[in-house]
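Okay, here's what each chain looks like letter by letter:
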Amino acid sequence: MKRDDKLASQLNEFWNGFLKTNDVDYYKRLTIFDFVNLKAAISNINNIITLQITEAFVEFLYNEKIVTENQKECIIEQVLSTDANTNGYDVEWGDDSVHIVAEVKCNIPVEQNSFGAAQRNGIVKDLDNLLKGKSKSNLDSTSGCFKFMVLLDVKNVRDCMKRIIDGYNKGNGSSLVEDYNGKTTLSKEKVYVVYLRC
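Residues numbered from 1 in each chain as written. Predicted model: local features only at pLDDT ≥ 70, side-chain atom pairs only at ≥ 80, totals over all residues. Heavy atoms only, no water.

Chemist: Help me get a handle on the overall build of the chain, residues and values and all.
Modeler: Of the regular secondary structure elements, the chain holds seven helices and five strands. Dimensions of the chain along its principal axes, counting C-alpha atoms only, are 60 × 35 × 30 Å. In the chain, buried positions account for 37% of the 198 residues. Partitioning the contacts of the chain with sequence separation of at least 6, the portion at a separation of at least 24 is 60%. Only carbon and sulfur atoms are counted for the fraction: they give 49% of the accessible area of the chain, which is about 12400 Å². A gap of 7 Å separates the mean positions of the 25 positive and 28 negative side-chain charges of the chain. (Helix = DSSP H or I, 4+ residues; strand = E, 2+ residues; numbered from the N terminus. Buried < 20%, exposed > 50% of the residue type's maximum accessible area, 1.4 Å probe, protein only. Contact = heavy atoms within 4.5 Å. Areas by Shrake-Rupley, 256 points an atom, 1.4 Å probe, with all protein chains shown as cover. Lys, Arg positive; Asp, Glu negative; His and termini not counted. Charge placed at Lys NZ, Arg CZ, Asp CG, Glu CD.)

What follows is the structure, encoded as structure tokens:
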């Protein structure tokens, strides 16, 4: 199959399925300017997914009794008023009783059971930043914070993360990262991985 035929087939298959149309040739119908506008709109999808997972995470914090309802509302207000491209953590919040930092990842395994190299490197870097702090944050240190990495619970993501967590802990000689479960007693020395469906 020629390159343009393959691109047309993939595009048309997606849009016909998404728009519930039959055999419309969107590839021929759209101009280069339509594609440019479409690309601009789609570039925000990652931010939309991250925001929805972040909101679900704040609800999780409340449901797990890590924050109160009033604290939940304050965190949501902060999340919604922060620009998507702001430096720092996806959630960076605290008051007199609790401090929380979280990185929200919308990584989807690129292969059936593994993250790509860039995805793995990004996750490891974020784990380091959660444990050691990062220069582009308002926080001087994360040592007084409960730390979370939040992922969208899609097929194979748990297995992929298990390998990263095992390797990270082995490389650091201690269990600094672990999956959160309903029986977890939180420690400010660790990063807890939370898997959420929205």
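Chemist: Just give me the short version of the nonpolar core, but keep the residues and values in it.
Modeler: Membership of the largest hydrophobic core comes to 25 residues, with the highest contact counts inside it found for Phe57, Leu61, Ile100 and Phe148. Each residue touching leucine 61, except ones within four places of it in the same chain, is listed here: Ile66, Val67, Ile75, Ile100 and Phe148. (Core = buried A, V, L, I, M, F, W, Y, C linked by side-chain atoms within 4.5 Å.)

Chemist: Talk me through the environment of aspartate 95; I want residue IDs and the actual numbers.
Modeler: Among the secondary structure elements, aspartate 95 is positioned in the loop between strand S1 (91–94) and strand S2 (99–105). Exposure remark for aspartate 95: the relative accessible area of 26% places this residue in the partly exposed category. Distance from aspartate 95 to arginine 163, taken between C-alpha atoms, is 34 Å for residues 68 residues apart in sequence. Polar contacts involving the side chain of aspartate 95 include one to the main-chain amide nitrogen of serine 97, which spans 2.8 Å. (Polar contact = N/O pair within 3.5 Å; in protein donor to acceptor, adjacent residues only side chain to side chain.)

Chemist: Which residues make up the side chain of threonine 54, and what are the values?
Modeler: Structurally, threonine 54 can be placed in helix H4 (residues 45–63). Looking at threonine 54, its side chain comes within polar contact range of the main-chain oxygen of threonine 50, at 2.7 Å. Those residues within four positions of threonine 54 in sequence are excluded, and the remaining contacts are Val79, Asp90, Val91 and Val104.

Chemist: Could you give me a rundown of the packing of helix H6 (residues 117–132) against helix H7 (residues 157–172), with the residues and numbers involved?
Modeler: Axes are the key here: two packed helices are described by the angle between their axes and the distance separating the axes. Packing of H6 against H7 leaves a shortest axis separation of 11 Å and a crossing angle of 50 degrees. When the axes of H6 and H7 are compared, the pair comes out oblique. Pair H6 / H7 crosses with right-handed handedness. Across the interface between the two elements, Arg120, Ile123, Val124, Leu127, Asp128 and Leu131 from H6 touch Met161, Ile164 and Tyr168 from H7. Looking at side-chain class alone, the contact of H6 with H7 contains seven nonpolar, no polar and two charged residues. (Axes fitted to C-alpha atoms, helices over the stretch in contact; angles between N-to-C directions. Parallel < 35°, antiparallel > 145°, perpendicular 65-115°, else oblique. Left-handed = near helix turned anticlockwise from the far one by under 90°. Nonpolar A, V, L, I, M, F, W, Y, C, P; charged D, E, K, R; others polar.)

Chemist: Tell me about the packing of aromatic side chains, and name the residues and values.
Modeler: For any pair of aromatic rings, geometry is given as the distance between the ring centres together with the angle between the planes. Counted according to the given criterion, the structure contains nine aromatic pairs. Judged by centre distance (4.9 Å) and plane angle (80 degrees), the rings of phenylalanine 14 and tryptophan 15 are edge-to-face. A relative accessible area of 47% means that phenylalanine 14 is categorised as partly exposed. Exposure remark for tryptophan 15: the relative accessible area of 16% places this residue in the buried category. Consider the rings of tyrosine 180 and tyrosine 192, whose centres lie 6.5 Å apart with planes at 90 degrees: the pair is edge-to-face. (Phe/Tyr/Trp six-rings, centres within 6.5 Å; stacked < 30°, edge-to-face > 60°.)

Chemist: Help me get a handle on the pattern of salt bridges, residues and values and all.
Modeler: Using the criterion set out here, one finds nine salt bridges in the structure. Here aspartate 128 ties to lysine 132 by a salt bridge, and the two come within 3.7 Å at their closest N and O atoms. Separated by four residues within a single helix, aspartate 128 and lysine 132 lie in helix H6, roughly one turn from each other. By relative accessible area, which is 24% here, aspartate 128 ends up partly exposed. (Salt bridge = Lys/Arg side-chain N within 4 Å of Asp/Glu carboxyl O.)

Chemist: With reference to specific residues and values, describe unusual backbone geometry.
Modeler: Positive phi is not limited to glycine here, since aspartate 23 has a value of about 50 degrees. Structurally, the position occupied by aspartate 23 is in the loop between helix H1 (3–19) and helix H2 (26–29). A relative accessible area of 78% means that aspartate 23 is categorised as exposed. Positive phi values are uncommon outside glycine, yet asparagine 156 reaches one of about 75 degrees. Here asparagine 156 shows up in the loop between strand S3 (146–152) and H7. Asparagine 156 gets classed as partly exposed once you look at its relative accessible area, which sits at 21%.

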